[in-house]
Amino acid sequence: MSALRPIPRPGILDIDPYVPGESTLPSGLKPVKLSSNETPLGPSPKAIAAYKAAADDLERYPDGPSTALRNAIARRYGLDASRIVCGAGSDEILNLLAHAYLGPGDEGLFTEHGFLVYRIAILGNGATPIVAKESNLTTDVDAILAKVSPRTKIVFVANPNNPTGTYLPIGEIRRLREKLRPDILLVLDAAYAEYVSRNDYEAGIELVATTDNTVMTRTFSKIHGLASLRVGWVYCPADIADVLNRIRGPFNLSSAAIAAGAAAIADTGHEEAARRHNETWLAWLSEEIAKLGLTVTPSVANFLLIHFPADKAKGAVACDEFLKTKAIILRRVAGYGLPNALRMTVGTEEENKRVVAALREFMAR
Ligand SMILES: *Cc1c(COP(=O)(O)O)cnc(C)c1O
């Protein structure tokens, strides 16, 4: 063998590969899977029909600019379709933004318990990840500003954040934007925006419309129930849309994804049903789990962060193992700096009741 071999660029081998929520059990039993924040209601029946109809034209390339999908999104939110760029999940969008605006010597900033894809996207482009502390498991604008350096090029903020479920009011987001240098791109990742019912929350559409340096990413993987199809989008200033359109794959969404996404976002009734289901069961779960003596971080999204006692026998790892014997899969979040917590997605009524019963049994052991 030759001593010479291909070497990846600096940063790549510093990446810990993303570990998705588990989906199978050693026993092979069909699990209650509440580990990836998917919707218990499934996608709109209209989206499923559109997906099936796409099977008739598989030999054709898709429409490269995802026109039908961008138009459907623009109609739904009153946006300029030319400033929307679609991606194979918002993961692709986040990576395209990092690819366009970060390189060796640059810094990308995110928060202590922020979404792990940011670190991967930053390192993957040879830049340096910088982490800002959170306060009370919540994004802290002053802590972010304290970490800004002349090398900072992007700040990623998930609002609401995953896995904490907490959010920042739009006033704080505006304050962050005002205090950041104008050449720093602010990425607002609003993957869970549809679930939030707080008067002081905004996903960021207006901030994008009124500044040159803010973008908002969204996904069809959560409330729209199309995680398998990989559909996401970003709303941006015109020149940033132009940049992304130069570097994205020319056919980055499949025809089926474009058609199903367009049908899903037009079905506001289905979205509303998913929101109502979540509102009911998020409140119920928060209350019932707290009654068991566990601490639950107040969440505005479709999942809950549950904190366990310090006693190892009653800790997050022991609980996760116990729940798996009951065919229940939640999400370990040690990779997010939360070794003694588990994240639970809001499920169906039956699933939610099963989890609470199992947690009760665990705490009583
Ligand atoms: C789930 C999630 C996304 C969505 O990712 P997709 O690639 O669109 O499936 C983005 N950001 C956060 C914070 C998430 O939790």
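Draft legend 1. Region of interest: the site of the ligand. Around the ligand, the neighbouring residues are Gly89, Ser90, Asp91, Phe115, Asn162, Asp189, Ala191, Tyr192, Thr219, Ser221, Lys222 and Arg230. At a separation of 2.6 Å, an oxygen atom of the ligand approaches a polar backbone atom of serine 90. Tyrosine 192 has a polar side-chain atom sitting 2.6 Å from an oxygen atom of the ligand. Protein chains bury 93% of the 390 Å² of accessible surface belonging to the ligand in isolation. More than half of the atoms of the ligand fall within 2 Å of the grid points belonging to the largest pocket. Considering each element in turn, the shell around the ligand owes the most residues, three residues, to helix α3 (residues 89-101).

Draft legend 2. Here's a closer look at the sheet that holds strand β13 (residues 341-345). Spatial ordering of the open sheet is given by β9-β10-β13-β12, a layout of four strands whose pairing is antiparallel. The outermost strands of the open sheet, each flanked by one partner alone, are β9 (295-297) and β12 (331-332). In terms of strand pairing, β9 meets strand β10 (residues 303-307) through three bridges, oriented antiparallel. Paired with threonine 295 across the two strands is histidine 307, which belongs to β10. Contacting β9, β10 and β13, helix α10 (residues 268-291) crosses the sheet at an angle of about 10° to β10. Across the sheet, helix α11 (residues 316-325) is in contact with β12 and β13; its angle to β13 comes to roughly 40°.

About the cut-offs
- Residues numbered from 1 in each chain as written.
- Predicted model: local features only at pLDDT ≥ 70, side-chain atom pairs only at ≥ 80, totals over all residues.
- Heavy atoms only, no water.
- Near = heavy atom within 4 Å.
- Polar contact = N/O pair within 3.5 Å; in protein donor to acceptor, adjacent residues only side chain to side chain.
- Areas by Shrake-Rupley, 256 points an atom, 1.4 Å probe, with all protein chains shown as cover.
- 1 Å grid on protein atoms, 1.4 Å probe; cavity = no way out; pocket = protein on both sides within 12 Å on 5 of 7 lines; lining within 4 Å.
- Sits in = over half its atoms within 2 Å of the grid points.
- Helix = DSSP H or I, 4+ residues; strand = E, 2+ residues; numbered from the N terminus.
- Pairing = 2+ DSSP bridges.
- Contact = heavy atoms within 4.5 Å.
- Axes fitted to C-alpha atoms, helices over the stretch in contact; angles between N-to-C directions.

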